[in-house]
Amino acid sequence: MHPRNLFIQDYNYTLPEKKIASYPLEKRDESKLLIFRDGLIREDIYRNIANHLPEKSVLIFNDTKVIKARILFQKPSGGVIEIFCLEPYEETNDYGVVLQKTGKVRWKCMIGGAKKWKQNVLEKILNIDGIEVKLCATLVEKLTDAYVAELTWQPPGYSFSEILEYAGDTPLPPYIKRNAEEADVARYQTIYSKFEGSVAAPTAGLHFTPHIFEALREKQISAAFTTLHVGAGTFKPVKSSTMEEHEMHGEWMEISISFIRDLHSNTSNGIFCVGTTSVRTVESIYWMGVKYLLNPHISIEEMSLNQWEVYDSPLAGNVYTPIEALEGLLSFFFNKKIEQLFIQTKIIIAPGYQFRLTNGLVTNFHQPKSTLLLLVAAIAGKDWKRIYEYALENEFRFLSYGDGCLIYNAVR
């Protein structure tokens, strides 16, 4: 069946609210780990994950860093307007540059209480190292699914990254029914986070600790890092009955030539992705390599991936191996004289998808009827439901602050 024709109701299950973790465990690597391989289910904890991975394999991590994207403005009447910064409203090839802008930015946002935003300008006073900074927000435009807001501040010498640090709150997911606390600043962030840009954490990586990385090194399991900035669309519910009517959210990837070389040298030893975002990145890289091989004159802009093109001709009919696709992408970098590529992917990975580079997935347990659950079902096959039923019956904790699983590719 073409993934377009999947019924989302077939990927539903009952998730009691008590199974959703509101807080993380005190120690990251003591979260439970379900291991699914060759049709068998076992249990362990994350601290021992190296024991369940092949020697000399590679783990792919998403080193994006969560920004304090949620800004609350209090109106003179006492009401609150929430501006949730999603992504820059401008063309860019570097999130870092945008976040270092001073004085003024325009961002695509979700706005809580938009109908109550009557006055032209919202104001918020910040105290940055003893200096009073006035942050102002102006509503510029209403889009189909969001808004454009202009944020300005005086004095203007601070970067937008600094403004967010002092004005924003940690953007906990909507299913965590509490306000963000000081502890969330560190715990809703991986220990290896590096490049700012995400508005949601790559939660599979929240469990990893220095002890785990040392155990991986002892087993000659390497770690490779790439960047995909997780958008709020990761929580976007599927409201249509079939996937054909669902618009998949796009996310921005920052791909370096050194990362592609890491993949190229590790395809034979096994590639395991930590998180659905890492899978999305790695599989998108394969298809971008194919795009170049099919059209050596392709532009950088044309390398982005839309929702369905990997399932349709000419991409779906390709006969390129993973090595050939990676070498094709390396040639693209060489010909364009670039070391890094900042590009969007809208690829949807759902049952019916054939994985090209991914041998296994480390991930948390996801919401019913979500595109993240579809990705899990794509790699676990029909056993995805058995995995989730086992987790529900054996006291696993669900969603962002919950436990997780290591799933070997059952449909490769």
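Now for a description of the structure that goes with this document.

### Describing the pairing of strand β8 (residues 121-128)
Then step 1. Where β8 meets strand β9 (residues 131-142), eight bridges bridge the pair, whose relative direction is antiparallel. Residue pairing for β9: Asn 127 is matched across the bridge by Glu 132.
Then step 2. The loop that links β8 with its antiparallel partner β9 comprises two residues; one of these, Asp 129, has a positive phi angle of about 55 degrees.

### Section: the nonpolar core
Then step 1. Membership of the largest hydrophobic core comes to 85 residues, with the highest contact counts inside it found for Met 288 and Phe 398.
Then step 2. Those residues in contact with Phe 398 that lie beyond four places of it in its chain are Tyr 13, Leu 15, Lys 19, Ile 20, Ala 21, Phe 365, Tyr 388, Ala 391 and Leu 392.

### Things to note about the packing of aromatic side chains
Then step 1. Within this structure, the stated rule accounts for 29 aromatic pairs.
Then step 2. Plain terms: the ring middles of Trp 107 and Phe 160 are 5.4 Å apart, the flat faces sit at 50 degrees to each other, and that makes the pair tilted. In this pair, Trp 107 is assigned in strand β7 (residues 104-112) and Phe 160 in helix α2 (residues 160-167), connecting sequence segments 53 residues apart.
Then step 3. Given a relative accessible area of 0%, Trp 107 falls into the buried group.
Then step 4. Arranged with centres 6.0 Å apart and planes meeting at 45 degrees, the rings of Phe 208 and Phe 213 form a pair that is tilted. We note that Phe 208, like Phe 213, is buried.
Then step 5. Chaining the aromatic ring pairs together yields one cluster made of Tyr 11, Tyr 13, Phe 365, Trp 384, Tyr 388, Tyr 390, Phe 396 and Phe 398.

Parameters and conventions
- Residues numbered from 1 in each chain as written.
- Predicted model: local features only at pLDDT ≥ 70, side-chain atom pairs only at ≥ 80, totals over all residues.
- Heavy atoms only, no water.
- Pairing = 2+ DSSP bridges.
- Helix = DSSP H or I, 4+ residues; strand = E, 2+ residues; numbered from the N terminus.
- Core = buried A, V, L, I, M, F, W, Y, C linked by side-chain atoms within 4.5 Å.
- Buried < 20%, exposed > 50% of the residue type's maximum accessible area, 1.4 Å probe, protein only.
- Contact = heavy atoms within 4.5 Å.
- Phe/Tyr/Trp six-rings, centres within 6.5 Å; stacked < 30°, edge-to-face > 60°.

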